[in-house]
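# An overview of the molecular structure
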Amino acid sequence: RVDATFDSTTLSVGKMPIRELKVSAKTSADQILADVAVKSGGGTAHASLGSTMRWGKRPLPELTRDGTAKLDTRAFDLSTLSPLLAGSVSEIGGLLDAQTQLVVTPTTTQLSGSAKLEKGVLQLPAIGQRFSEISASVAVAGQKLKVENLTARGLTGRINANASASLDGFDL
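The shown structure was predicted, so the numbers you read here are calculated from the model rather than taken from an experiment. Here, residues in each chain are numbered from 1, in the same order as that chain's written sequence. Residues qualify for local features only when their pLDDT is at least 70, as the model is predicted, and side-chain atom pairs are given and counted only at 80 or more; totals for whole chains, interfaces and linings, by contrast, use all residues. The side-chain numbers reported here are obtained from all heavy atoms of the structure, hydrogens and water having been left aside.

### Topic: a nonpolar patch on the surface
The cut-off we apply is this: Nonpolar side chains (Val, Leu, Ile, Met, Phe, Trp, Tyr) within 5 Å and like charges within 9 Å form the patches, drawn only from residues with over 30% relative accessible area and no salt bridge. Computed by Shrake-Rupley with a 1.4 Å probe, the accessible areas treat only the displayed protein chains as cover when residues are assessed. Here a salt bridge means any side-chain nitrogen of Lys or Arg lying within 4 Å of a carboxyl oxygen belonging to Asp or Glu. Put simply, DSSP marks the helices as runs of H or I at least four residues long and the strands as runs of E at least two long, and each gets a number from the N terminus on.
Where nonpolar side chains cluster on the molecular surface, the patch consists of F6, V23 and V36 and spans about 210 Å² of accessible area. On the secondary structure map, V36 appears in strand β5 (residues 31-40).

### A few points about the pairing of strand β7 (residues 62-77)
To be explicit about the condition: When DSSP finds two or more bridges between two strands, those strands count as paired.
Bridge count for strand β6 (residues 43-54) against β7 is 10 bridges, and the pairing is antiparallel. Residue S51 lies in a different strand from β7, and its bridge partner there is G67. With nine bridges connecting them, β7 and strand β8 (residues 91-104) associate as antiparallel partners. The partner of T68 across the bridge, within β8, is V103.

### With respect to the sheet that holds β5
Spelled out, the test is: Comment: axis = line fitted to C-alpha atoms, over the contacting stretch for helices; angle = value between 0 and 180 degrees taken between N-to-C directions.
The antiparallel open sheet is built from 10 strands, whose spatial order is β1-β4-β5-β6-β7-β8-β9-β10-β11-β12. The two strands at the open ends of the sheet, each matched to only one other strand, are β1 (3-8) and β12 (158-166). The average undirected angle you get between the axes of adjacent strands in this sheet is 10 degrees. Relative to β12, strand β11 (residues 144-153) runs antiparallel, the two sharing eight bridges. What sits directly across from K146, in β12, is S164.

Structure representation (structure tokens):
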């Protein structure tokens, strides 16, 4: 059985100060509940996971196909993620507002929610390109994925796009 919490108000990840970080994890005989809350800059992010699991004599629990994961953000500065993405992304930024949920059952996987990005920046060394002024709205409901008003500026031009897709689980 696990019942762990971690709270910090003085943490820095790389050069990014985290005003507040709260992490908790609890298990019972067949359940795991995990929660992470972050306040950085003027924004917040909250992620949670609830799932059935089997632990037994394993060193780590094995999650079953029955659980819910949620992510809610308000003006969350994506540059907070820079240290975690340093191997693939040399610069990331922007403000993210999102409310998303992933529900997994033994027979289905369903993603729902919406997200809006403003003032985004992304530099990908693999392609030698920096994108700025990125904004987009993304929504998932039922079996539909919709991207609206995606805009970004590159070194030599600008992109504007809208897209939609029908989903079959996680297959397009």
